[in-house]
Structure formats: structure tokens, C-alpha cells
Amino acid sequence: MTFHVNEKRVQAMIEDIAAFTASPGKGTTRLTYSPQHRDALDYLQGRMQEAGLATRIDAVGNLFGRLEGSDPSLAPVLVGSHIDSVPNGGAFDGPAGVVAGIETAFCLRDQGIRPRRPVEFVAMIEEEGGRFGGGLLGSRILTGQVGANTLGGMSDARGITLGQAMEGFGLNLADAPAAVIPKGGIHAFLELHIEQGPVLERTGDAVGIVTSIVALSQFEVRITGSAGHAGTTPMPGRRDALVASAGVIAGLPELCHGIDPRAVVTVGQLEVQPGGANVIPDAATFSIDMRAPDAATVKRIKTAIRARLSLLGDAGFGVNVAELLSVPETPMSDEIRERLIAGAEGCGLAWRDMPSGAGHDAMVLSRIAPVGLIFVPSRGGISHTPEEWTDYDQLARGIEVVFRATKSLAE
Ligand SMILES: [Zn+2]
């Protein structure tokens, strides 16, 4: 079986990108518009040019490399993923898919293949929401799903607005609409990602070919009560915002499971004000992330959570719920799945159908193009930690499938 991917080159790219971190020795911290992001873009641009691609950075910092097709008038096949990370994350979440793209470009060059269709490779910004929250920002901007008002209102934990951060990166917020790709502007989008779960490791399959991405929703909930002295305020009559919040949070797993055992709910952020050890909290703000196989189920969970929160309102607490993100389930393109399956079988790799519990850029880009998503194994099923790992030969096998599918889509 002919294998085209160069595993050593793949390993070198992953290791090089991992070095662009703000937390050396403590995993990958590469936030959008940070110096590490700049260094990574410079590096990737260099590798893309080496692979024979013409590079450009769009109005919001997404990096593209283009291999011209013999018919340049055709919409390109787009291959890639994101380059940002969560704080203290791993080396593979995002870069695995970016490197899959660039290695595919190297393989096309090595084989002397000039596709009929142009092929573009992309490294997108802010998929994790690690700096500006919400997530999937690069792809949402590309698909025209975020308006100027939303962008203008975004800021990071230190109060730096998106516009200021962009300016520091040599970009201008007012230009953001120029990054939008119209519907039909892409022939197909292909993304390789680490599984971030235990299935492939358990089954021993080389790759997972995703059938659909689950529906998800994210809330920010703010509960307000009354502050008071921890020593002099009697227990009866207290309106402790944290105790009230904790009661709701503790009940979420059961509430969610009762609606659909496949659904998942997570509170990953909690902020307490005023934050003194001897002061009764008068405000608590927390996140809720919920996911289920379809949007109807997510809606039922949301309704149940809102009903539970309204009980706090009845008890005299202030309750404010803002929905930050709501995405329906996303089926993957059957045509692209067939190409991926043919790619896997063409090089004798075991594959399996699987759903994705995590949202990815492919989900967002499905608004403007057919998309395909392929998973490679994650050791121990873990990610978003420095221990996140995929063996390089496993990654190389996944990229071989991406290369074959890309070639076939661009023919
Ligand atoms: Zn990712």
C-alpha cells in the first residue's frame, strides 16, 4: 500500500508549533492575537510557501495558503483547522488539522499533482474562545455569522477589546466583513481533528469518520443576592448568591440525564463577587454548556434549566440568563464521507462511523459548503491538557486519508 505522508515532517511541524506557547513547560497557551499566535502564523506561512502555496492573511487573521488549480475559476477545496489553544492545552487540538492541511500540500507537491480545482489550506483564529469567549469565532466570521455589533462588544478577561487586540496585530476591526466567504465560495471543507474521546483507542480503528456533530448551547447565568458581613448576618434571611447558584449547579447532571442519557452538561466557570472570605457573596456568575444529539433535546434541557432558575427568582434572587452560543446538530456531507471512506480503504486502514460530541469549525463552515470531519485517536481520550497526545504514526495515517480525499475532491 503506497503511503505518501511523511511522518517525520508531520512530527517536526507539530513540535515546532507547540514551541509557540506562552506557558513553556506547562503545555500550549496560544491565545488569539498574542505574540505566540504571530510567531505561529509566521512559521506556518513559511511552511506553506515551502509547500508551494501562495499565502495570505485575511482581514481577521485567518491564514490561507492556495494551490492554484488548472481551472482557477472553480471554487476551492478548503482543508484545515484552528491554530489557537485553550490556556495550558495540548499540542494537537487544532494544529493536528492545520498540519494535516500543510502536509497534504507537501504530498501534492511531492507527487507533482496539479489538481483541477484550487485547494486552499487554512489556520483559523479563536476556535476555542480562549481569549474572547464563545468560540468558533474565526469560522463564524468567515461564514458571515457575527455582525459588527457583536464583534465591537467583545473583550478579553483583561478588558482589551477585540478591536484593540486586532489593532495590536496589525488588523482593523472595521475590515472584518471583508473576511466573509459567500455561500458556494468553497467547494468542500475538510477538517482533521483529534478525537478528544476514548472510542478509537478502545476499538483500535485508525480513523473515525464523523457522521454528525451534536447540537450545543452555552449560557452565562448571573445570580444576584445581597452582600453582608459573614459574622454578623444571621443565617435566616440571607440571600447568598453562591449558595443559591451551587444548588442549581448541583442539580444539573440529574436534570440533564433525566431528559436524555446521551446529553451532557458542564459548568466550567464560576465567578463570585465581591470575593472576600468574610463577605456573603452578592453575585455569582457561571457558565452552562449543554450538548445533545439534536437541537430539540437541547431545547428541552434549556427549558428545564430556565424553569429551575426561575425558582430562584421567586425566592427573591436576581436571575439573568444570556445565551452565548446555540448551534443545531450538523450532519456531515455524505459525498465527502464517501471520499474519506474510500481514502481509508484505499490504504488499508480500519475506520468507523462516529458522532462528534465536540463542536468544530467544520460545523460552522457547513453553513456555506459541504463539510467532512475525520478523527484520529487521542491517548486516554484526553485533551485540553498538556498530556494530550496522538502518536505520530496515528496522525500520519489520518493525514494520508485527508490527502487522498482532498486529491479526489479537487480532481
Ligand atoms: Zn479543536
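Please refer to the structure higher up on the page.
Residues numbered from 1 in each chain as written. Predicted model: local features only at pLDDT ≥ 70, side-chain atom pairs only at ≥ 80, totals over all residues. Heavy atoms only, no water.

Engineer: So, the overall build of the chain: which residues are in play, and what are the values?
Structural biologist: Check the secondary structure of the chain and you find 12 helices and 16 strands. Against the 2.2 N^0.38 benchmark of 22 Å for 411 residues, the chain shows a C-alpha radius of gyration of 23 Å, consistent with a compact globule. When its C-alpha atoms are laid out on the principal axes, the chain stretches across 80 × 45 × 40 Å. Burial statistics for the chain: of 411 residues in total, 52% are counted as buried. Counting every atom, the chain has about 16800 Å² of accessible surface; 51% of that belongs to carbon and sulfur. (Helix = DSSP H or I, 4+ residues; strand = E, 2+ residues; numbered from the N terminus. Rg over C-alpha atoms; globule rule 2.2 N^0.38 Å. Buried < 20%, exposed > 50% of the residue type's maximum accessible area, 1.4 Å probe, protein only. Areas by Shrake-Rupley, 256 points an atom, 1.4 Å probe, with all protein chains shown as cover.)

Engineer: Describe the coordination of the zinc ion, with residues and values.
Structural biologist: Only His82 (NE2), Asp93 (OD) and His193 (NE2) from the protein reach the zinc ion as donors, at distances of 2.0 to 2.1 Å. Motif for the zinc ion, donor spacing along one chain: H-x10-D-x99-H. Within this pair, whereas histidine 82 is found in strand S3 (residues 77-82), its partner aspartate 93 is found in the loop between S3 and helix H3 (95-110), the two being separated by 11 residues in sequence. Both residues of the pair, histidine 82 and aspartate 93, belong to the buried class. (Donors = N, O, S within 2.8 Å, 3.2 Å for Na, K, Ca; no water.)

Engineer: Explain the packing of aromatic side chains residue by residue, including any values.
Structural biologist: Across all of its chains, the model carries 6 aromatic pairs by this definition. Centroid distance phenylalanine 20 to tyrosine 43: 5.8 Å. Interplanar angle 55°. Geometry classified as tilted. Of the two residues, phenylalanine 20 sits in the loop between helix H1 (7-18) and helix H2 (35-50) while tyrosine 43 sits in helix H2, which places them 23 residues apart along the sequence. Accessibility classification places phenylalanine 20 together with tyrosine 43 in one group, the buried group. (Phe/Tyr/Trp six-rings, centres within 6.5 Å; stacked < 30°, edge-to-face > 60°.)

Engineer: Please provide a residue-by-residue account of the side chain of arginine 291, values included.
Structural biologist: Position of arginine 291 among the secondary structure elements: in strand S12 (residues 283-292). Within polar-contact distance, the side chain of arginine 291 engages the backbone oxygen of glycine 357 at 3.2 Å. When sequence neighbours within four positions are dropped, the list of residues in contact with arginine 291 reads Val214, Ala215, Leu216, Gln218, Ala263, Val264, Val298, Gly357, Ala358 and Gly359. (Polar contact = N/O pair within 3.5 Å; in protein donor to acceptor, adjacent residues only side chain to side chain. Contact = heavy atoms within 4.5 Å.)

Engineer: Could you give an account of the state of the cysteines, with specific residues and numbers?
Structural biologist: Working definition of a disulfide: a covalent bond connecting the sulfur atoms of two cysteines. For the coordinates displayed, the defined rule picks out 0 disulfides. Considering cysteine sulfurs only, cysteine 107 is the nearest to cysteine 347, which forms no disulfide, with 11 Å between them. Judged by its relative accessible area of 7%, cysteine 347 falls in the buried class. (Disulfide = S-S within 2.5 Å.)

Engineer: So what about the pairing of strand S1 (residues 54-57)? Which residues, and what values?
Structural biologist: Judged from the 4 bridges that link them, S1 and strand S2 (residues 63-67) form a sheet pairing that is antiparallel. Opposite alanine 54, over in S2, you have arginine 66 as the bridge partner. (Pairing = 2+ DSSP bridges.)

Engineer: Describe the pattern of salt bridges, and please don't skip the residues or the numbers.
Structural biologist: Across all of its chains, the model carries 16 salt bridges by this definition. Between aspartate 205 and arginine 352 there is a salt bridge, with its nearest N and O atoms 3.3 Å apart. In this pair, aspartate 205 is assigned in the loop between helix H7 (199-203) and strand S6 (207-213) and arginine 352 in strand S15 (residues 351-356), connecting sequence segments 147 residues apart. Looking at aspartate 205, the relative accessible area reads 13%, which means it is buried. Classification of arginine 352 as partly exposed rests on a relative accessible area of 31%. Taking the shortest distance from any N to any O, the salt bridge between arginine 337 and aspartate 353 comes out at 2.9 Å. (Salt bridge = Lys/Arg side-chain N within 4 Å of Asp/Glu carboxyl O.)

Engineer: So, the pairing of strand S5 (residues 188-194): which residues are in play, and what are the values?
Structural biologist: In regular strands, side chains alternate between the two faces of the sheet. Within S5, 7 of the 7 residues are buried, leaving the element largely enclosed by the surrounding structure. Burial along S5 is two-sided: the residues Ala188, Leu190, Leu192 and Ile194 and Phe189, Glu191 and His193 are all buried. Bridging between S3 and S5 involves 3 bridges; their strand directions are parallel. Bridging across to S5, valine 77 finds its partner in alanine 188. Across 6 bridges, S5 lies against strand S16 (residues 371-376) in parallel orientation. By the bridge assignment for S16, leucine 190 is matched with glycine 372.

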